[in-house]
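Letter by letter, the chains look like this.
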Amino acid sequence: MGIRGFVRRHRVLTICGAVLALLLTAGLGALLYADHANTYDLKEERIVFHDGARRLDGVLAKPTHGRGPYGLVLLVHGDGARNATNDGFYRPQMEAYARAGYATLSWNKPGVSGSPGNWLDQSMEDRARETEAAIAWSRSRPDVDHARVGLWGASQAGWVLPRVAARTPDVKFVIAVSPAINWLRQGRFNLLAELRAEHASQARIDTEVRRSDEVRRLIAQGAGYEQYRAALGSAATMSADRWNFVRKNAGADASADLAEVRVPVLLMLGGHDVNVDVVETEAEYRKLLAGRAELTVRHYPDAAHSMVDADIEGSETKTFFTAVFAPRDLFVDGYLADQRRFLAGR
C-alpha cells in the first residue's frame, strides 16, 4: 500500500472511530437520562398480606420525607394481569401521592409475578374482600395514619371501590378513574364505540351486535365453555378462563353500592374513552351520591380510558419514547396535580 492509500485509510478509520465514539456517548447519555427519568422520589418496601389462606404480594411506597404516619392510598387494579406497580405505570401516581404526604399500597393480582392463584377465578366480591384484607393489614402499620386511608381504582375497579367504601369504615375517600356502572351496558358501549372508531360498515356492526347478543343469551343461560364455543364457532375468541370470568361477573352493577357511599369521591373521566360511557357514569354518580357524599368531577378532554394523552396512546412510537424518557408526561395535563389537590383537602 502506498503512502497516499495509507493516509486515506487512516483518515477513514479516524472518522469511523469518531462517529462510533459519538454514537456510544449519545447512547450512554440516553441511558443515563432514561434512568434518571424513571427514578422516583419514593421508598418502596416489598410486603406480604393474606386474604384468608391466599398470600398476596405487594408494594408499600412511602414518601422519602418525614417519618409519618402517612395517609394511605390503596390502588385497585382494572382488568388484566397486573402486578403491584403495573409494570411501573403507577409510579408517577405513587410519587404524586408521596408529595401530598401519602403512602401507596398495591399488590399483584393472583397468578401475576409469582403470586399464587389465578385472577380470572375472581368475582368482583372476591376483589372487594381482597381489598378489605389489604386495609386490615395496613392497621398493623404504625407508619400509616388510619384516619386518612382511601381507595384509588381504574376501569373494572369501578365495581369494587363503591362496595368497599360502603361497608368499610376505614375508607375515608375514593378516587375513581374511568369507572363503568353496569357490566353489560359497558360491554355494548365499548363494542359500538370501537367499531365506529374503525369506521366499520353497518353490515359489520350488525354482525358484531348479533354475536354480542348471542353471548349475552349464553351467559343468561349459564352456558359452559364448550357451549359457548359451539354456538360462536370461529368467533369464540375467549379462553375458557376468560369465559368463566365474564360469566361470573356479567351481572355486576355499581348502582346499589354507590348509593351507600358516604365519603368524598373524585371522579375522573376522559374525553376519548371508548371503553366506558362517561356520560352515563357521570350522570349515575351525580344521581346516586347527591345529598349523600361530596362528589368532585374532573374531565380531561384529551384523555383516553387510561388517562394517557390520546395522541400519545394512539402511537406506539410516542408511547415508547414518552414512557422511557418522560413517564410522568404519559398522563394528560392535570391528572396527577388534581389528585394531589384532592388528597391535600382530606
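No experiment lies behind these values; they were computed from the predicted model shown.

Peer 1: Quick rundown of the sheet that holds strand β3 (residues 70-76)? Include the residues and the values.
Peer 2: With respect to topology, eight strands assemble into an open sheet ordered β1-β2-β4-β3-β5-β6-β7-β8, the strand pairing being mixed. Across the chains shown, the open sheet's two edge strands, defined by having one partner strand only, are β1 (43-51) and β8 (295-300). Shown here is a sheet whose adjacent strand axes are inclined to one another by a mean of 20°, direction ignored. The pairing of β3 with strand β5 (residues 144-154) spans six bridges and is classified as parallel. Across the sheet, the residue bridging to V76 is G153, located in β5. Its contacts with the sheet place helix α3 (residues 124-138) against β1, β2 (54-62), β3, β4 (102-107), β5 and β6 (171-177), and it is angled at close to 120° to β1.

Peer 1: Outline the packing of aromatic side chains, listing residues and values.
Peer 2: Enumeration over the complete set of coordinates arrives at 14 aromatic pairs. Between W183 and F245 the ring centres are 6.1 Å apart and the planes differ by 65°, which places this aromatic pair in the edge-to-face class. One end of the pair, W183, is in helix α5 (residues 183-197); the other, F245, is in helix α8 (residues 240-249), and 62 residues separate them in sequence. Each ring, one from Y225 and one from Y228, has its centre 5.9 Å from the other, and the planes form 40°; the classification is tilted. Note that Y225 and Y228 are positioned in helix α7 (residues 225-232) at a spacing of three residues, about one turn of the helix. Residue classification places Y228 among the buried residues on the basis of a relative accessible area of 2%. An aromatic cluster is built from F89, Y300, F331 and Y335, whose rings are joined through pairwise contacts. Cation over ring: R148 sits above Y102, and NZ or CZ is 4.9 Å from the ring centre.

Peer 1: Kindly report on α7, identifying the contributing residues and their values.
Peer 2: The periodicity of an α-helix, 3.6 residues per turn, causes residues three or four places apart in sequence to face the same way. Within α7 the residues assigned to the buried category are Y225, Y228 and L232. On an axial view of α7, the arc spanned by its buried residues comes to 60°, and they lie on one face. Projecting away from the buried face of α7 at angles above 90 degrees are the exposed residues E226 and A230. Residues of α7 that are buried sit in contact with α6 (202-220) and α8.

Peer 1: Account for the environment of A81, with residues named and values stated.
Peer 2: With respect to the helices and strands, the residue A81 is situated in the loop between β3 and α2 (91-99). The spatial distance from the C-alpha of A81 to the C-alpha of S113 is 9.1 Å, given a sequence separation of 32 residues. For A81, the residues in contact, after removing those within four places along its chain, are V112 and W119.

Peer 1: Give a description of the packing of α6 against α8 that names residues and reports values.
Peer 2: In a pair of packed helices, the angle between the axes and the distance between the axes together describe the arrangement. Taken N-terminus to C-terminus, the directions of α6 and α8 make an angle of 70°; their axes are 10 Å apart at the nearest point. Of the possible angle classes, the one that applies to α6 and α8 is roughly perpendicular. Between α6, through V215, L218 and I219, and α8, the contact on the second element is made entirely by W243, V246 and R247. Grouping the amino acids of the contact of α6 with α8 by side-chain chemistry returns five nonpolar, no polar and one charged.

Peer 1: So what's going on with the pairing of β6? Which residues, and what values?
Peer 2: Most of β6 sits out of view: six of its seven residues are buried. Relative to β6, β5 is paired through six bridges, and the arrangement is parallel. Bridging across to β6, V149 finds its partner in V171. Regarding topology, helix α4 (residues 161-167) serves as the crossover connection from β5 to the parallel β6, and that connection is right-handed.

Basis of the calculations
- Residues numbered from 1 in each chain as written.
- Predicted model: local features only at pLDDT ≥ 70, side-chain atom pairs only at ≥ 80, totals over all residues.
- Heavy atoms only, no water.
- Pairing = 2+ DSSP bridges.
- Helix = DSSP H or I, 4+ residues; strand = E, 2+ residues; numbered from the N terminus.
- Axes fitted to C-alpha atoms, helices over the stretch in contact; angles between N-to-C directions.
- Contact = heavy atoms within 4.5 Å.
- Phe/Tyr/Trp six-rings, centres within 6.5 Å; stacked < 30°, edge-to-face > 60°.
- Buried < 20%, exposed > 50% of the residue type's maximum accessible area, 1.4 Å probe, protein only.
- Lys NZ or Arg CZ within 6 Å of the ring centre and 35° of its normal.
- Arc of directions from axis to C-beta.
- Parallel < 35°, antiparallel > 145°, perpendicular 65-115°, else oblique.
- Nonpolar A, V, L, I, M, F, W, Y, C, P; charged D, E, K, R; others polar.
- Right-handed = clockwise from strand over helix to strand, strands pointing away.

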